Amino acid sequence: MATRGGKVERREVNSSQPYEVKYLADKLGVSVQAITGAKRATGSNDRKDIEKYIKEKNK
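Everything numeric here is computed off the predicted structure, so don't read it as measured data.

What counts as what
Residues numbered from 1 in each chain as written. Predicted model: local features only at pLDDT ≥ 70, side-chain atom pairs only at ≥ 80, totals over all residues. Heavy atoms only, no water. Core = buried A, V, L, I, M, F, W, Y, C linked by side-chain atoms within 4.5 Å. Buried < 20%, exposed > 50% of the residue type's maximum accessible area, 1.4 Å probe, protein only. Helix = DSSP H or I, 4+ residues; strand = E, 2+ residues; numbered from the N terminus. Lys, Arg positive; Asp, Glu negative; His and termini not counted. Salt bridge = Lys/Arg side-chain N within 4 Å of Asp/Glu carboxyl O. Polar contact = N/O pair within 3.5 Å; in protein donor to acceptor, adjacent residues only side chain to side chain. Contact = heavy atoms within 4.5 Å. Arc of directions from axis to C-beta.

J.: Summarise the nonpolar core; cite the residues concerned and give the values.
T.: Counting residues in hydrophobic clusters, the biggest one holds nine residues: Val13, Val21, Leu24, Ala25, Leu28, Ile35, Ala38, Ile50 and Ile54. Considering every element that reaches this core, the biggest residue donor is helix 1 (residues 18–28), with four residues.

Here you go:
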């Protein structure tokens, strides 16, 4: 990792970076559309909020 430059935010999912959305979708076993829907439903980019929403929805 670089010691200079901007800090990378690991707690949030950046929608403009397709690999971040795809990683989270693969991790949770859902589609990319489900992740974007969860982001809209929760109104948050926080990974924990999205994961919690997806897990509760799949119960």
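J.: So what's going on with the side chain of Lys39? Which residues, and what values?
T.: When you line up the elements, Lys39 lands in helix 2 (residues 32–42). In this structure Lys39 is buried but unpaired, with Glu20 as the nearest side chain of opposite charge at 7.4 Å. Of the polar contacts made by the side chain of Lys39, one reaches the backbone oxygen of Val13; its length is 3.1 Å. In this structure the side chain of Lys39 is engaged in a polar contact, spanning 3.2 Å, whose partner is the side chain of Asn45. Contacts of Lys39, omitting those with residues within four sequence positions, involve Val13, Asn14, Ser15, Ser44, Asn45 and Ile50.

J.: Can you tell me about helix 1, naming the residues and giving the values?
T.: For helix 1, every residue scored as buried is listed here: Glu20, Val21, Leu24, Ala25 and Leu28. The buried residues of helix 1 occupy one face: seen down the axis, they fall within an arc of 130°. More than 90 degrees from the buried face of helix 1, the exposed residues found are Pro18, Tyr19, Tyr23 and Asp26. Turning to helix 1, the residues buried within the fold contact helix 2 and helix 3 (47–57). Note on helix 1: the residue one or two positions beyond its end, Gly29, has a positive phi of about 75°.

It is worth stressing that arrangement in space is one thing and function is another; only the former is reported here.
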